[in-house]
Every structure is written in structure tokens, then in C-alpha cells.
Amino acid sequence: RKEVEQDPGPFNVPEGATVAFNCTYSNSASQSFFWYRQDCRKEPKLLMSVYSSGNEDGRFTAQLNRASQYISLLIRDSKLSDSATYLCVPPDHGGSQGNLIFGKGTKLSVKP
Amino acid sequence: GAVVSQHPSWVICKSGTSVKIECRSLDFQATTMFWYRQFPKQSLMLMATSNEGSKATYEQGVEKDKFLINHASLTLSTLTVTSAHPEDSSFYICSASPSGRSYEQYFGPGTRLTVT
């Protein structure tokens with residue numbers, strides 16, 4: 001089974017800050033990767049789907065660094081509502097049944 | 001679109017009883033649904049893969065006779081925790097993927113089970 005490594009945090013940042021998370025993975029030829037966010041005691045929700053080397057959606061930018069084998073999520077102008085745990089699904093980290101293999105997540109806390 | 005519901009959202013039961021959790025895809029068909037479990041401060045762990053019209057596939061270490069899965073239609077899968085024990089207390093989450101988009105999984109809101 002492929003392992004997914006994430007810095008668990010917590011990342012405590014003030015409102016308006018820019019914060020970045022990394023997620024390392026084992027070698028893969030795939031470029032598809034995903035970021036989910038999970039609020040406390042809630043289900044994960046798909047944040048970004050990326051089918052190339054990167055994607056930008058508003059304040060969120062996701063990138064793939066194939067040489068160093070990590071994916072990243074950059075959040076600009078952090079909002080209080082961004083406080084959550086961010087789960088990565090790196091390239092080719094689906095199971096044989098199509099399930100997802102998650103990291104433990106990185107906890108972000110945005111303070112006023 | 002791509003909404004998944006779960007019922008109940010939380011349940012408290014006594015040790016030794018059985019609990020059934022339903023997972024429904026409301027606006028799409030899902031040939032495959034997944035059941036995950038998450039203990040506090042731990043990652044989501046896949047328990048089993050539920051396939052419509054066939055037997056579920058269980059992950060190693062998950063007892064198929066204890067966690068009964070039925071996927072009777074393209075929009076409904078159920079997980080029954082039989083003879084529940086306190087160590088089964090956890091957050092159970094199902095997910096489903098629209099056809100052809102297997103990595104875009106949409107999760108139900110989860111069921112918090114507490115066994116006393």
C-alpha cells in the first residue's frame with residue numbers, strides 16, 4: 001500500500017496570511033491529485049481536483065512537484081472559515097477498487 | 001449535484017445490539033460506494049467497497065460477519081454493525097463516485113456511533 005505523508009500541523013495563522021501545505025507521495029506517473037477539506041466532526045469535502053501539474057481557484061492554488069514528489073496547496077488571504085483539516089490524495093493514490101487513500105491531514109487554524 | 005446522504009447522523013446503542021446505517025446517492029447513480037471509518041485524530045480508513053448487486057469487498061482486518069454491507073440498488077448501500085461493542089464507537093462515513101469519475105468521491109455527512 002502506498003503511503004501518504006502530511007505534516008499534521010497545526011498551522012496557526014492570522015487572518016489574511018498566506019499558508020502552504022505539502023503532501024509527499026511515492027513515485028507515480030499520474031498527474032491527477034486532489035485536495036479535500038474536513039471540518040471538525042464532518043465529512044471530507046472535495047476542495048480541488050487537478051488533472052495536470054496545477055490548478056488555481058480563487059485564493060487556492062494546488063501544484064504538483066513531480067521531481068520532489070510532493071503536491072502542495074497554497075491558500076492566500078486566509079479567512080477564519082478556512083480553518084479545517086486539509087487532506088491530500090496524491091497522484092495514483094487510489095486503491096484497486098477506486099477508493100481514495102488519504103493522508104492524516106494538516107490542521108489549519110486561522111485566528112482573527 | 002453529487003449529493004450523498006447518510007442516516008442516521010448519530011446513534012447511541014447498547015453493547016450487543018445491531019445498528020444499520022444507510023447511504024444514499026441522491027442525484028446520481030453509484031455502482032460503487034465506499035465505507036470508511038475514522039477514529040478521533042486519525043485518518044479515514046477504508047473498511048469495505050460496496051458494489052451494487054454483488055458482495056462487498058472488505059479490507060484486511062475488517063470482519064465481514066460483523067460489518068454487513070448490502071448494496072441493493074444504484075443509489076443505496078447499507079452498513080450494519082452487528083453485536084456492537086464500545087470499541088466500534090467511531091465516525092462512519094460513506095462515499096460514492098459518479099460514473100466515470102472514480103476519484104471524485106462525494107461523501108455522506110457521516111454517522112457518529114456511540115456504543116455504551
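Here, every reference points to the structure presented above.
Every chain begins its residue count from 1, and numbering advances along the sequence as written. The order in which chains are written sets their letters, starting at A; the order in which ligands are written sets their numbers, starting at 1. The model is predicted, so local features are restricted to residues of pLDDT at least 70 and side-chain atom pairs to those at 80 or more, both for listing and for counting; the totals for chains, interfaces and linings are taken over all residues. Excluded from the side-chain calculations are hydrogens and water; all other atoms, namely the structure's heavy atoms, are used.

Notes on the overall build of chain A
Using the following cut-off: Under the scheme used here, helices are H or I runs from DSSP no shorter than 4 residues and strands are E runs no shorter than 2 residues, and both carry numbers assigned from the N terminus. For every residue, the accessible area (1.4 Å probe, protein chains only) is compared with the maximum for its type, and the residue is labelled buried under 20%, exposed over 50%, or partly exposed between those bounds. Accessibility throughout is a Shrake-Rupley quantity obtained with a 1.4 Å probe, and a residue counts as covered only by protein chains that appear here.
Regarding its fold elements, chain A presents zero helices and ten strands. Its helices and strands taken in sequence order, chain A reads β-β-β-β-β-β-β-β-β-β from the N to the C terminus. Burial statistics for chain A: of 112 residues in total, 46% are counted as buried. Summed over its atoms, the accessible surface of chain A is roughly 5,400 Å², and 46% of this surface lies on carbon and sulfur atoms.

Thoughts on the side chain of Ser25(B)
Residue and element names in this part refer to chain B. As a reminder, the rule being used: Pairing of N or O atoms within 3.5 Å defines a polar contact, subject to two protein rules: one partner must be a possible hydrogen donor and the other a possible acceptor, and residues neighboring in sequence count only if both atoms are side-chain atoms. The contact criterion used throughout is that any non-hydrogen atoms of two residues lie within 4.5 Å.
Take Ser25: it is sitting in strand E3 (residues 19–25). In this structure the side chain of Ser25 is engaged in a polar contact, spanning 2.8 Å, whose partner is the backbone oxygen of Phe28. When residues no more than four places from it in sequence are discounted, the contact partners of Ser25 are Val3, Val4, Ala30, Met33, Leu74 and Thr75.

So, the nonpolar core
Selection criterion: Note on terminology: a nonpolar core comprises buried Ala, Val, Leu, Ile, Met, Phe, Trp, Tyr and Cys residues joined through side-chain atoms within 4.5 Å.
Of all hydrophobic cores here, the largest spans 26 residues; its most connected members are Val4(B), Trp35(B), Phe67(B), Leu79(B), Tyr92(B) and Leu113(B). Looking at this core, the elements with two or more residues in it are strand E2 (10–13), E3, strand E4 (32–38), strand E5 (45–51), strand E7 (67–73), strand E8 (76–81), strand E9 (90–96) and strand E11 (111–115) of chain B. Core analysis: the second largest hydrophobic core is formed by 23 residues, Phe21(A), Trp35(A), Ile75(A) and Ala84(A) among them.

Comments concerning the environment of Val89(A)
Residues and elements named next belong to chain A. Relative to the helices and strands, Val89 is located in strand E9 (residues 84–89). Along the sequence, Val89 and Leu100 sit eleven residues apart, while their C-alpha atoms lie 6.9 Å from each other. Ignoring any residue separated from it by four or fewer positions in sequence, one finds Val89 in contact with Phe33, Phe34, Tyr36, Ile71, Leu100, Ile101 and Phe102.

With respect to unusual backbone geometry
Note on backbone geometry: most residues besides glycine have negative phi, and most peptide bonds are trans. Cis rather than trans, the peptide bond between Gly9(A) and Pro10(A) has omega equal to 5°. Within the secondary structure layout, Pro10(A) lies in the loop between strand E1 (4–6) and strand E2 (11–14). With omega at 0°, the peptide bond leading from His7(B) into Pro8(B) counts as cis.

Observations regarding the sheet that holds strand E4 (residues 33–38) of chain A
Residues and elements named next belong to chain A. To be explicit about the condition: In this scheme, strands are said to pair when DSSP sees at least two bridges between them. Structural elements are reduced to axes, namely lines fitted to C-alpha atoms, with helices fitted over the stretch in contact, and the angle between N-to-C directions of any two is expressed from 0 to 180 degrees.
Taken together, the five strands give an open sheet; going across it, the order is E2-E10-E9-E4-E5, and neighbouring strands pair in mixed fashion. Across the chains shown, the open sheet's two edge strands, defined by having one partner strand only, are E2 and strand E5 (44–50). With strand direction ignored, the average angle separating the axes of adjacent strands in the sheet is 25°. Here E9 runs beside strand E10 (residues 106–111); their pairing, made up of three bridges, is antiparallel. Pairing of Ala84 across the sheet is with Leu108, part of E10.

Considering the state of the cysteines
Formally: Cysteine sulfur atoms that come within 2.5 Å of each other are treated as a disulfide pair.
Under the criterion given, the structure shown has two disulfides over all chains. With its sulfur 1.8 Å from that of its partner, Cys23(A) forms a disulfide with Cys88(A). The sign of the 40° torsion about the S-S bond sets the Cys23(A)-Cys88(A) disulfide as right-handed. With Cys23(A) in strand E3 (residues 19–25) and Cys88(A) in strand E9, this residue pair connects regions lying 65 residues apart in the sequence. The side chain of Cys23(B) participates in a disulfide bridge whose partner is Cys94(B); the two sulfur atoms lie 2.0 Å from each other. With the S-S dihedral at roughly 80°, the linkage between Cys23(B) and Cys94(B) falls on the right-handed side. In this pair, Cys23(B) sits in strand E3 while Cys94(B) sits in strand E9, placing the two residues 71 residues apart along the sequence.

Points about the pattern of salt bridges
Residue and element names in this part refer to chain A. The criterion, for reference: The rule for a salt bridge is simple: a side-chain nitrogen of Lys or Arg has to be within 4 Å of a carboxyl oxygen of Asp or Glu.
Evaluation of the coordinates by the stated rule reveals six salt bridges over all chains. Arg76 serves as the salt-bridge partner of Glu56, at 3.4 Å between the closest nitrogen and oxygen. Of this pair, Glu56 sits in strand E6 (residues 54–57) while Arg76 sits in the loop between strand E8 (70–75) and E9; the two residues are 20 residues apart in sequence, bridging distant segments of the chain. The exposure class of Arg76 is partly exposed, given its relative accessible area of 26%. A salt bridge links Asp77 to Lys79; the shortest N-O distance between them is 3.0 Å. Classification of Asp77 as partly exposed rests on a relative accessible area of 37%. Classification of Lys79 as partly exposed rests on a relative accessible area of 32%.

Distances and angles like these do not, on their own, reveal function.
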